Amino acid sequence: MECSGQVTPQLMLAVGTAVIGSLQFGYNTGVINAPQNIIESFYNETWSSRFAEPISQGTLTGLWSLSVAIFSVGGMFGSSSVGFFVNRFGRKNSMLMANALAFVAAAFMGFSKLAASFEMLIVGRFIVGLYSGLSTGFVPIYVEEISPTPLRGALGTLHQLGVVVGILMAQIFGMESIMGNASLWPLLLAFTLLPAVLQCVVLPFCPESPRYLLINRNEESKARSILVKLRGTDNVAEDMQEMKEESQQMMREKTVTIPELFRSPVYRQPIFVAIMMQLSQQLSGINAVFYYSTRIFERAGVSQPVYATIGAGVVNTAFTVVSLFVVERVGRRPLHLTGLMGMAVSAVLLTVAMALLDQLGWMSYISIVAIFSFVAFFEIGPGPIPWFIVAELFSQGPRPAAIAVAGFSNWSANFLVGMFFPYVEQVCGPYVFIIFTILLIGFFTFTYFKVPETKGLTFDEISAGFRQSAGQGADKYSAPEEFNTLRGDNPDL
């Protein structure tokens, strides 16, 4: 397709504006980590002023775990509502409307100290989680639908780049010398207001998804006009034809609901792959590192753990950029496999280092290397790929429902790790990452046998591969056969 892989200013404006939502998700994931001790002191002071006695350690641990994990509860609700919004209001308008939640959340968290109310902080965390859950569905759908096929993986990785840049911003702003102190931590949490304002200002200048306009709204001329701007060429006939073919296929299908994804053998295979890809991201142990990295570095004997945490954030961002440039050359499947195995080895190394820390002081350096390695391998594959491969596995009809199911699975696993990791860590001590090692090996095995390659294929070609596999009988389904089907004529896959 001539000029189909060209990066145009209009395309980058649209993608860049959309991933502000990804940045918000990352920022609010990481922002709670650095000021943990200060916020816990605020909880203790508030409790003491109300009940004239210090808060118990158990209650404090419970409140802190709730403050961390309630973000994921909001994300679960938000992600499950993605399909309703994008089908009813469109991709762009949905992103615009969601910013109202960011404004409300910033107000709750920003004024929590002034009101002497830890309940306000927890409610604010829930609301910003609701916003982030919606964003983790809206952004990948929008980016995938406006991107040319040769650039779909690279531009899809920008969602994860936005997430890790947000995490790094939270780590830097969370330094005690900036906003991570007793007087400014409410502003640190309320900072989420500014990216929301920026997105509200710029988003009206971005186009709606042409795929949504043509397939969902039947506005062919408008879709073609937007495609011309996005591609930077009048030659968009092949893009239009591909969308029309998908539209015709969608017309032959009935409306796909979430239950239908699990009942139909055509959708059951890809939705199972989508769910497992999301679980491989969240149950890899990466959020345990993000949420509790400062404490891990403290236990490892690092004198300035905040700088080590920021260093992990820099590694996080750098390797996401690496994935951005290699995903269309190497493919989704090899990168995911490499990332999972690398994380498993790093987790074993981290466990050994922390177990021997009391006997060998220099093991603190090994633990830092292990964490950096763990984060780097995560961003090579398990970080970016699960987000956009879900949008690739489904055609226009079932895509919103599939994104909702995958997002709910991701946020549910996120919640479980955030809520229970502190307790499991207390019981298991330095051996806690052995649990994640076992899970990583399991996900590696699943990916090797069940996950197909999608590089360079149109949405309809990918869906056709699953339809053909389902037509052979659900009981006869095997990933190698599906992989060969999806590979098509491309020997590089």
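Not measured: the values here are computed from a predicted model.

Draft legend 1. Representation of the pattern of salt bridges in the model. Applying the stated criterion across every chain, the model contains 14 salt bridges. Two residues, Arg-217 and Glu-219, come together in a salt bridge whose shortest N-O distance is 3.1 Å. Judged by relative accessible area, which is 44%, Arg-217 ranks as partly exposed. In this structure, the salt-bridge partner of Glu-220 is Lys-244, at a minimum N-O distance of 2.9 Å. With a gap of 24 residues between them, Glu-220 in helix α12 (residues 220-231) and Lys-244 in helix α13 (residues 237-252) connect regions that are remote in the sequence.

Draft legend 2. Local environment of the nonpolar core. Counting 96 residues, the largest nonpolar core has Leu-261, Ile-271, Leu-393, Phe-394 and Phe-433 as the members making the most contacts within it. Excluding residues within four positions of it along the chain, Leu-393 makes contact with Pro-270, Val-273, Ala-274, Thr-454, Ile-462, Ser-463 and Phe-466.

Draft legend 3. Quick look at empty space enclosed by the protein. Within this structure, the stated rule accounts for 6 cavities of 30 Å³ or more. Taken as a whole, the largest cavity encloses approximately 110 Å³ of empty space. Forming the boundary of the largest cavity are 13 residues, of which Phe-25, Val-163, Gln-281, Gln-282 and Asn-287 lie nearest the centre. Listing elements by their share of the lining of the largest cavity, those giving two or more residues are α2 (20-30), α8 (152-173), α15 (265-282) and α16 (286-299). Considered class by class, the residues forming the lining of the largest cavity number 7 nonpolar, 6 polar and no charged. Computed from the structure, the second largest cavity encloses a volume of approximately 80 Å³. Surrounding the second largest cavity, 14 residues form its lining, Ser-147, Arg-211, Arg-231, Asp-239 and Glu-242 being those nearest its centre.

Draft legend 4. Region of the structure containing the environment of Ile-435. Residue placement: Ile-435 occurs in helix α22 (residues 432-450). Note on Ile-435: relative accessible area 39%, which makes it partly exposed. For Ile-435 and Gly-342, which are 93 residues apart along the polypeptide, the C-alpha to C-alpha distance reads 15 Å. Excluding residues within four positions of it along the chain, Ile-435 makes contact with Val-424 and Cys-428.

Draft legend 5. Seen up close, the packing of aromatic side chains. Under the defined criterion, the tally for this structure stands at 19 aromatic pairs. Relative to Phe-191, the ring of Tyr-27 has its centre 5.3 Å away and its plane inclined at 45 degrees; by these criteria the two rings are tilted. Here Tyr-27 is found in helix α2, whereas its partner Phe-191 is found in the loop between α9 (185-190) and α10 (193-202), with 164 residues between them in sequence. The exposure classification of Tyr-27 matches that of Phe-191, with both residues buried. On the numbers, 6.2 Å between centres and 70 degrees between planes, the contact of Phe-77 with Phe-126 is edge-to-face. With a gap of 49 residues between them, Phe-77 in helix α4 (residues 57-80) and Phe-126 in helix α7 (residues 118-146) connect regions that are remote in the sequence. Residue classification places Phe-77 among the partly exposed positions, given a relative accessible area of 48%. A residue is classified by how much of its surface remains accessible, and Phe-126, at 27% relative accessible area, is partly exposed. Put simply, the rings of Phe-25, Phe-71, Trp-387 and Trp-411 touch in pairs and so form one group of aromatic residues.

About the thresholds
- Residues numbered from 1 in each chain as written.
- Predicted model: local features only at pLDDT ≥ 70, side-chain atom pairs only at ≥ 80, totals over all residues.
- Heavy atoms only, no water.
- Salt bridge = Lys/Arg side-chain N within 4 Å of Asp/Glu carboxyl O.
- Buried < 20%, exposed > 50% of the residue type's maximum accessible area, 1.4 Å probe, protein only.
- Helix = DSSP H or I, 4+ residues; strand = E, 2+ residues; numbered from the N terminus.
- Core = buried A, V, L, I, M, F, W, Y, C linked by side-chain atoms within 4.5 Å.
- Contact = heavy atoms within 4.5 Å.
- 1 Å grid on protein atoms, 1.4 Å probe; cavity = no way out; pocket = protein on both sides within 12 Å on 5 of 7 lines; lining within 4 Å.
- Points joined across faces, edges and corners; volume = space filled by probe spheres on them.
- Nonpolar A, V, L, I, M, F, W, Y, C, P; charged D, E, K, R; others polar.
- Phe/Tyr/Trp six-rings, centres within 6.5 Å; stacked < 30°, edge-to-face > 60°.

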